[in-house]
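Next come the chains, spelled out residue by residue.
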Amino acid sequence: MNLPPSLASVEERIRESAKAHGLKCFDTIFEMVDEEQLDEIAAYGGFPTRYPHWRHGMEFERLRKSSRWGISKIYELVINNDPCYAYLLASNSLTDNKLVMAHVYGHCDFFRNNAWFRHSERKMMDRMANHAVRVRRIIDRHGQEAVEAFLDRALSLENLLDYRQLCEASAPPRPQPRHLAEDGDDTPERAPNFRLRSRDYMDEFINPPEYMEKRRRQHVAEQEAEKRLPGGPRRDLLALLLEHAPLERWEWELLNIVHEEALYFAPQRVTKIMNEGWASYWHRRLMVEDVLTDAELVDYADTVAGTLAEGNTLNPYKLGLELFLDIEARWNSGRHGPAFDACDEMAQREAWDKQENRGLEQIFLSRAVHDDVTFLDAYLTEEFCHRHQLFVYRRDPRTHKKELVTREFSKVKEELLNNIANGGAPIIEAVDLNHGNRGDLLLTHRHMGRDLRPDFAEATLLNMAAIWKRPVVLESSVEDKLVRWVACDGKVTMDHPSS
Amino acid sequence: MLGRIETDHRRFRQIVHGTIRRDLKRYVSKGELLGRSSGGTISIPVPQIDLPHFTFGSTEGSGVGRGEGEGEEGEAGEAEGQHVLEVEVGLDELARILGEELELPDIRPRGEADIVSEHARWSGIRRVGPESLRHFKRTYREALKRQISLGQFDPAHPVVIPVRDDRRYRSSQVKRRPESRAVIIHMMDVSGSMGTEQKEIVRIEAFWIDTWLRHQYKAIQTVYIVHDAVAREVSQHDFYHLRESGGTKISSAYQLCLDTIRTRFGSGDWNIYPFHFSDGDNWSSKDTAGCVELLRANLLPQCNLFCYGQVRSAYGSGQFKRDLDQALPGEERLVTSAIADRDGILGSIRDFLGKGR
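Residues numbered from 1 in each chain as written. Chains lettered and ligands numbered in written order. Predicted model: local features only at pLDDT ≥ 70, side-chain atom pairs only at ≥ 80, totals over all residues.

## Some thoughts on the domain arrangement of chain A
1) Next: Entries for chain A in the domain assignment read domain 1 (5-114 + 271-303), domain 2 (308-421) and domain 3 (426-495).
2) Next: Taking only C-alpha atoms, the centre of domain 2 of chain A and the centre of domain 3 of chain A are 37 Å apart. (Domains from an automatic or database assignment.)

The following block contains the structure:
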């Protein structure tokens, strides 16, 4: 740790304070860096070493520009790792750095305790460095151009993950290359017997023939689906490609690296609101209750006002923080549950106070078991929505101005949930590996009211086809009409299948 | 641990340059780079250099906001076109890209031998000189050499003592660098027949020619002349915005051009590039004959290159280019080029500057 002594003692105070408040963090290592270094590290996604790729250079250019022109400035950068790494800007004032440290401990606790991070790689610092070495070695053998071309393709698929797997009890196994994967057992399964044991005279009632028929048909359909794609439709398309695409050894390795890193960043994508809210909640408490000196109060307030500022757009820091505060208040006063929900007397609701004092307990619980979608679903109440004056807007297609559509609670909530569902990305599923019985890959877009951006969809599909090495078909709908894109031989065609 | 980003950053810039080069035609014909330059750099919008992903179409962009929901004006800054990246490129670099794409040869300036500037640099070493200029490292190296060769150097006890002969001194050397000066004289026909579109084409072409020549010459000046029946010198702003009407007497512009050269750039050490753009209609054939005479007798001998670009317009006859080509065949300092529309701009730049003069 290279903290100056003045900060080191402050750091210790904050660490003790976090511990006393019940935060359970990894050890956290703070590094002092200057602005350019911070931009560099941020361009690499928070890691000092990543594999070489121009995308990092692009990100660096963007960050450099916006920090030089004062458009935006990175305040905190913390890496989910054991031990946690966090970066402090040398040019920040002491107050700001205190704030950042308190904030970092909030994140750190979240990384460690949230269910969506349970399979998260905790030695990512080392893995990233290993990946960098491996990619460099591959570049040495196969050339910059080939590797870059392949990485460009692979990275364009990096958001095609199955976010549901993140919080499952056991992590899905790492995909194996085709030639290493065990051959499946090909003996056909015996059709199971759906009949329940019964006496003759009861059989008609216990095993009604129409129900039996239905079960049988269902079973046949399942078997069919199983043949098309073992295990049913898959969303983790990177894993699917790793298992089934005909890849060279080095291509497989690159794709595997991209998949591993995408999986590592996935939990942060689906918990952004909560994660920032949690960290903001805790920096506030730690700062105000323990760390802040009187003289620093104004500076502190100024910075916080900046990070929590809202125009007409939602600020995830602010939304998350307000939700945690709301939960705390509601569970402290008992304003939840069936009895409260049933009460429709305005004054009574306002004055409701059962002295439950379970607020703190509840926010600790919710930070452990939710991701953004379930969190908002569970805790975004109508009252909260009105108090914060949330609304749905739509951009006028002609004037490109935002126009308020509605303030209706259910609509607001639906819009919000839609926007963050599946990490904010469309849900694309693989349904058939042997489409048309000629090895084509069939994907479907689970349309939930929002169309795909067509030019990007086509370009991405081409990248997919280049890795799959056979045509790839994507079914979706655009403006309520079924659409089918086929990527084949470096070209995409689109048609409207009649369903 | 740091320093790797430079490699990635350089690679990114390379890709950007490749993209600009590929799309150069579009940038040129749309003229969207004009007015974007400031202080020697230009910011270029590069669409879709980012990797494609499956995303939602964002054109109708809906979402959740907060607050009163009023006063939504003035937030055009966060419009959703986030996939257009603005990249800053130096004008020099842009000229290089243009040069590569059009395979323009470097220009060999005139008067190379005549004009030189002198720079003194501390690049030499001498054995004599004032103590204040003594070169420590060299001196000790000499001393070390001497001691080793005499067998006086003991690695276990490394003491190096220079003597008088070992001393070395910095000396200044004068470097002579040829410097070339150049002037671009833009002439444009602003008579009634030149429409907005024609002027826009001239504007775009003049911008790219400027960019290229500025890349080739250190010191460059620009003169703008407009003419209808009479010619006069105007500012850059007026050159692009003026709209006149009336007849066309091209000789008036050529005469003014000649006068300007004689009074201001006549010392013989200037590289002179007159460019003339019109729609090819001249008042009379007598005036055209006058133009030819001016060119043959006075202008061409003084210029590196005289370029005439004829922009096609609905009213122009396009006669002037034909007349020039007929009257002055095989004159290698005269280049004429017809510009049909915006897509013709690149071709005509190649015509003009492809000779490397």
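## With respect to the sheet that holds strand 5 (residues 402-406) of chain A
1) Next: Taken in spatial order, the three strands of this open sheet run 5(A)-4(A)-3(B), and their pairing is antiparallel. What marks the edges here is a single partner per strand, and that holds for strand 5 of chain A together with strand 3 (62-66) of chain B. Sheet twist, expressed as the average angle between the axes of neighbouring strands with direction ignored, equals 45°.
2) Next: Relative to strand 3 of chain B, strand 4 (residues 390-395) of chain A runs antiparallel, the two sharing five bridges. Within strand 3 of chain B, the position partnered with F391 of chain A by the bridge is G65 of chain B.
3) Next: The sheet strands contacting helix 19 (residues 409-420) of chain A are strand 4 and strand 5 of chain A together with strand 3 of chain B, and the helix crosses strand 3 of chain B at an angle near 120°. (Pairing = 2+ DSSP bridges. Helix = DSSP H or I, 4+ residues; strand = E, 2+ residues; numbered from the N terminus. Axes fitted to C-alpha atoms, helices over the stretch in contact; angles between N-to-C directions. Contact = placed C-beta atoms within 7 Å.)

## Section: the interface of chain A and chain B
1) Next: Facing the 52 residues of chain A at the interface are 31 residues of chain B.
2) Next: Looking at which element gives the most residues to the side of chain A that touches chain B, the answer is helix 3 (residues 54-68) of chain A, with seven residues.
3) Next: Per-class residue counts for the side of chain A that touches chain B are 25 nonpolar, 14 polar and 13 charged. (Nonpolar A, V, L, I, M, F, W, Y, C, P; charged D, E, K, R; others polar.)

## Observations regarding helix 8 (residues 285-302) of chain B
All names here are of chain B.
1) Next: In a regular helix each residue adds 1.5 Å, so 18 residues correspond to 26 Å; helix 8 covers 25 Å between its end C-alpha atoms and thus fits that length.
2) Next: Along helix 8, the sharpest change in direction is near 50° and occurs at L295.
3) Next: Inspection of helix 8 places T288, C291, L295 and L299 among the buried residues, and these make up the whole buried set.
4) Next: On its buried face, helix 8 sits against helix 7 (250-264), strand 10 (270-278), strand 11 (306-311), helix 9 (319-327) and strand 12 (334-339). (Expected span 1.5 Å × (residues − 1). Bend = angle between axes of the 7 residues up to and from the residue. Buried ≥ 20, exposed ≤ 12 C-beta atoms within 10 Å, placed from the backbone.)

## Considerations on the packing of helix 13 (residues 316-333) of chain A against helix 16 (residues 359-369) of chain A
Residue and element names in this part refer to chain A.
1) Next: Viewed as axis vectors pointing N to C, helix 13 and helix 16 meet at an angle of 135°, and their least axial separation amounts to 7 Å. The angle between the axes of helix 13 and helix 16 places the two elements in the oblique class. In this structure, helix 13 crosses over helix 16, and the sense of that crossing is right-handed. Facing helix 13, whose interface residues are F324, I327, E328, A329, W331 and N332, helix 16 presents G359, L360, Q362, I363 and S366.
2) Next: Split by residue class, the contact of helix 13 with helix 16 holds six nonpolar, four polar and one charged. (Parallel < 35°, antiparallel > 145°, perpendicular 65-115°, else oblique. Left-handed = near helix turned anticlockwise from the far one by under 90°.)

## With respect to the environment of D162 of chain A
Residue and element names in this part refer to chain A.
1) Next: Residue position: D162 is located in the loop between helix 6 (144-155) and helix 7 (200-206).
2) Next: Spatially, the C-alpha atom of D162 lies 24 Å from that of Y44, the residues being 118 residues apart in sequence.
3) Next: With residues near it in sequence (within four places) discarded, D162 still touches R235 and D236.

## Re helix 17 (residues 372-379) of chain A
Residue and element names in this part refer to chain A.
1) Next: For helix 17, the complete set of buried residues consists of D372, F375 and L376. The buried residues of helix 17 occupy one face: seen down the axis, they fall within an arc of 90°.
2) Next: The inward-facing, buried residues of helix 17 contact helix 10 (249-270), helix 11 (272-291), helix 16 and helix 19. (Arc of directions from axis to C-beta.)

## Looking at the pairing of strand 3 (residues 84-89) of chain A
A regular strand places its side chains so that they alternate between the two faces of the sheet.
Residue and element names in this part refer to chain A.
1) Next: Of all six residues in strand 3, six are buried, a share of seventy percent or more.
2) Next: The side-chain alternation of strand 3 yields two buried faces, one formed by C84, A86 and L88 and the other by Y85, Y87 and L89.
3) Next: Across six bridges, strand 1 (residues 28-33) lies against strand 3 in parallel orientation. Opposite E31, over in strand 3, you have Y87 as the bridge partner.

## Remarks on the confidence of the model for chain B
All names here are of chain B.
1) Next: The predicted model of chain B has a mean per-residue pLDDT of 79, with 85% of residues at 70 or higher.
2) Next: Across chain B, the element-wise mean pLDDT spans from 63 in strand 1 (residues 37-38) up to 92 in helix 4 (residues 136-149).
3) Next: Of the regions scoring below 50 in pLDDT, residues 71-83 engages in nine contacts with residues more than four places distant in sequence or in other chains.
4) Next: Taken over the whole predicted complex, pTM reads 0.74, whereas the ipTM for its chain interfaces reads 0.80. (pLDDT = per-residue confidence, 0-100.)

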